[in-house]
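Structural overview
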Amino acid sequence: MMEQDILKIGSEQIPYFRTEQFSNLMLENEMLMNKCVKASESARVIFLTASGTAAMEATIMNLFDTSDKLLIVNGGTFGTRFKEICDIHGFLSEEICLDHGEILTNQHLESYENKNFTGFLINMHETSTGVLYDMELVGDFCKRNNLMLVVDAISSFLADRYDMSEYNVNATILSSQKAIALPPGMSFVVLDGKAQERVLRNNVKSLYFNFKNYLLDGLRGQTPYTPAVGILLQLRERLRIIDNIGVDKTVEEVARIAQDFRTKIKGLPLMIASSALSNAVTPLKPIGKVPADEIFKCLKDHYQIYVCPNGGSLSKVLFRVGHIGALTEDDNSELVNALIDMNKKGLL
Ligand SMILES: *Cc1c(COP(=O)(O)O)cnc(C)c1O
C-alpha cells in the first residue's frame, strides 16, 4: 500500500527531466538513499529503470567476469535466480543450498573458507520462503576471505535493520516496489568504492546495463537513458519522509505491524514456517485441509484482501502475508477477522 502523499504525486504531470531541477532531485535521492542503507561516504547509487531482477543481473555483469568464482546462498526462488544469472553469463559459481525455511549457519560456510572464491551473492531475505539471513555472519566471512559481497536487500530494506558499512557490503540491490512502497519499475544499486573501481575496470557487453555510464552521468544528477521520472519524483518524497522519521524508526514501525499480526493469528490453524523471520512477511503453512492457493483465492474473491501466494512446488503449502508499505493494525484486524470467518466456515 502506498501513502496518500505518494499517490498524489503519481497523479501529476511528468516534467521534462534534462533540467537542473531534476538533477538536483536526483542528487538528493542519491544522498538520502546512501544514508538509508548506511553506506560509506564514497558510495554511489545506480538508478536503473527496470525491475529488481534486472538490477541483480546488471550488478553481476558489472562486478564480475569469467575470471571470478562466486559463492551463492540458495534458499529458494531468489537464490536460484542468482545461480541462473551466473550460468547464463558463464561465470563460475557454487551454491550453498538450504532447505525451505532453513537458516544459514557458520557450519554451512566453514567448508568454503580459503577456497579462492572472489565474490559472494545473497538475498538478505529469501522472500519466497520468508527466511532472513544473518548478515553479520556473512559480512565477517566475506571480510576474512576478501570476497566482493553483493546483497539483494530488495525485500528486507526498510523492514529489517540494514547497515552496509557494518556488514562489509560492496553492492546493495534495492527495488521500488517492496518496503520503499512505490510503484514497480525502478531498482537501485548502491556501490561502495571497491565496487565502483570494479565497474570502471570491467568490460561489460551491454549498452543499457553498463554501469560506467550511470556512474558518470550520475555525477551531475542524470541517467544515460530516460528513467521512470514519475517514480523518481515519488522516491524523493518517500525518502524525505523516511529521513524525517528516521530509518530505524521506519523499520520499528514495520516490526510492530508484523508482531501485531503474528499475535493476532494465534489459535488459527496456520503455522509460521520460518525459523528466522523478516519483518517484511509472515510465511504461513495451513495445517487444516484447505491448500494455501485456495486460501489466497478465497481472501481475494470473498473478502477483497490480497495476500501473497507462492509459486511452483510451494503453491499448495505456503502463502505469505506482507507487512510493508502503508499498513495499519486495523488492516491486520480486517485480515485476521476474515481468516477467523473462513475458519468457522471450514474454509481454512
Ligand atoms: C521481489 C524481489 C526481487 C525482484 O523481483 P522483480 O520481480 O524482478 O522486481 C528480487 N529479489 C528479492 C529477494 C525479492 O523479494
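All values reported here derive from a predicted model rather than from experimental measurement.

1. Side note on the layout of surface pockets
In this model, the largest pocket occupies a volume close to 840 Å³. Considering the residues around the largest pocket, the lining is formed by 29 residues, among which Met1, Tyr306, Gly322, Ile324 and Leu327 are closest to the centre. Where the lining of the largest pocket is concerned, the elements lending two or more residues are β12 (308-309), β13 (319-322) and α12 (329-344). Considering every element that reaches the lining of the largest pocket, the biggest residue donor is α12, with 4 residues. Per-class residue counts for the lining of the largest pocket are 16 nonpolar, 9 polar and 4 charged. Each of domain 1 (4-245) and domain 2 (247-344) gives at least three residues to the lining of the largest pocket.

2. Topic: the domain arrangement of the protein
Once the domains are mapped, the protein shows domain 1 (4-245) and domain 2 (247-344). Here the C-alpha centre of domain 2 lies 27 Å away from the C-alpha centre of domain 1. Taken together, the contacts link 22 residues of domain 1 with 23 residues of domain 2. Between domain 1 and domain 2, the buried area comes to about 1,700 Å², and carbon and sulfur atoms account for 59% of it. On the domain 1 side of the interface with domain 2, the three residues burying the most area are Leu158, Ala159 and Ile245, jointly 23% of the side's total.

3. Remarks on the side chain of threonine 59
Turning to its location among the elements, threonine 59 is positioned in helix α3 (residues 52-63). At 2.6 Å, the side chain of threonine 59 forms a polar contact with the backbone oxygen of alanine 55. What threonine 59 contacts, discounting residues up to four positions off in sequence, is Val150, Ala171, Ile173, Val189 and Phe211.

4. Focus: the site of the ligand
Taken together, 13 residues form the shell around the ligand, and within it Ser51, Thr53, Thr127, Asp152 and Lys178 come nearest. Taking threonine 127, its side chain carries an N or O atom lying 2.5 Å from an oxygen atom of the ligand. In the model, a nitrogen atom of the ligand is placed 2.6 Å from a nitrogen or oxygen of the aspartate 152 side chain. For the ligand, whose free accessible area comes to 390 Å², the fraction covered by protein is 87%.

5. Focus: empty space enclosed by the protein
Left-over empty space is what a probe sized like a water molecule reveals as it rolls over the atoms. Following the criterion strictly, the structure yields 3 cavities of 30 Å³ or more and no others. There is about 70 Å³ of room inside the largest cavity. Met26, Glu30, Val45, Ile46, Phe47, Tyr214, Gly218, Gly221, Gln222 and Thr223 together form the lining of the largest cavity. Among the secondary structure elements, those contributing two or more residues to the lining of the largest cavity are α2 (20-36), β1 (44-48) and α8 (211-218). For the lining of the largest cavity, the element with the most residues is β1, which contributes 3 residues. By volume, the second largest cavity is sized at about 50 Å³. Lining of the second largest cavity is provided by Cys36, Lys38, Phe157, Leu158, Asp160, Arg161, Tyr162, Val247, Asp248 and Val251.

6. Structural notes on the packing of aromatic side chains
Applying the stated criterion across every chain, the model contains 11 aromatic pairs. With a centroid separation of 6.0 Å and 80 degrees between ring planes, the pair formed by phenylalanine 17 and phenylalanine 22 is classed as edge-to-face. Note on phenylalanine 22: relative accessible area 5%, which makes it buried. A centroid spacing of 5.7 Å and a plane angle of 75 degrees characterise the contact between phenylalanine 47 and phenylalanine 188, whose relative ring orientation is edge-to-face.

7. Thoughts on the pattern of salt bridges
This model, assessed by the stated rule, comprises 18 salt bridges. For arginine 238, the salt bridge is made with glutamate 3, and the minimal N-O distance between the two is 3.0 Å. In this pair, arginine 238 sits in helix α9 (residues 229-245) while glutamate 3 sits in the segment before α1 (4-10), placing the two residues 235 residues apart along the sequence. Between lysine 300 and aspartate 301 there is a salt bridge, with the nearest N and O atoms lying 3.0 Å from each other. On the accessibility criterion, aspartate 301 (42% relative accessible area) is partly exposed. Here the salt bridges share partners, and the residues they tie into one network are Glu28, Arg236 and Arg240.

8. Some details on the nonpolar core
In globular proteins that are soluble, nonpolar side chains generally tend to be buried together. The biggest cluster of nonpolar side chains holds 66 residues, and the ones touching the most others in it are Leu104, Phe120, Ile122 and Phe188. Counting residues per element, this core draws most heavily on α9, which supplies 8 residues. Apart from the residues within four sequence positions on either side, phenylalanine 120 is in contact with Leu71, Val73, Leu109, Val138, Phe141, Cys142, Leu147, Met148, Leu149 and Val150. Core analysis: the next-biggest nonpolar cluster, separate from the first, contains 29 residues, Ala55, Met56, Cys86 and Ile154 among them.

9. Some words on the packing of α3 against helix α4 (residues 77-88)
Running from N to C, α3 and α4 cross one another at 45 degrees; their axes reach a closest spacing of 10 Å. The angle between α3 and α4 places the two elements in the oblique class. Handedness of the α3/α4 crossing: right-handed. Side by side, α3 and α4 meet where Thr53, Met56, Glu57 and Ile60 of the first sit next to Phe78, Arg81, Phe82, Ile85 and Cys86 of the second.

The rules behind the values
Residues numbered from 1 in each chain as written. Predicted model: local features only at pLDDT ≥ 70, side-chain atom pairs only at ≥ 80, totals over all residues. Heavy atoms only, no water. 1 Å grid on protein atoms, 1.4 Å probe; cavity = no way out; pocket = protein on both sides within 12 Å on 5 of 7 lines; lining within 4 Å. Points joined across faces, edges and corners; volume = space filled by probe spheres on them. Helix = DSSP H or I, 4+ residues; strand = E, 2+ residues; numbered from the N terminus. Nonpolar A, V, L, I, M, F, W, Y, C, P; charged D, E, K, R; others polar. Domains from an automatic or database assignment. Contact = heavy atoms within 4.5 Å. Buried area = accessible area lost by both parts, 1.4 Å probe. Polar contact = N/O pair within 3.5 Å; in protein donor to acceptor, adjacent residues only side chain to side chain. Near = heavy atom within 4 Å. Areas by Shrake-Rupley, 256 points an atom, 1.4 Å probe, with all protein chains shown as cover. Phe/Tyr/Trp six-rings, centres within 6.5 Å; stacked < 30°, edge-to-face > 60°. Buried < 20%, exposed > 50% of the residue type's maximum accessible area, 1.4 Å probe, protein only. Salt bridge = Lys/Arg side-chain N within 4 Å of Asp/Glu carboxyl O. Core = buried A, V, L, I, M, F, W, Y, C linked by side-chain atoms within 4.5 Å. Axes fitted to C-alpha atoms, helices over the stretch in contact; angles between N-to-C directions. Parallel < 35°, antiparallel > 145°, perpendicular 65-115°, else oblique. Left-handed = near helix turned anticlockwise from the far one by under 90°.

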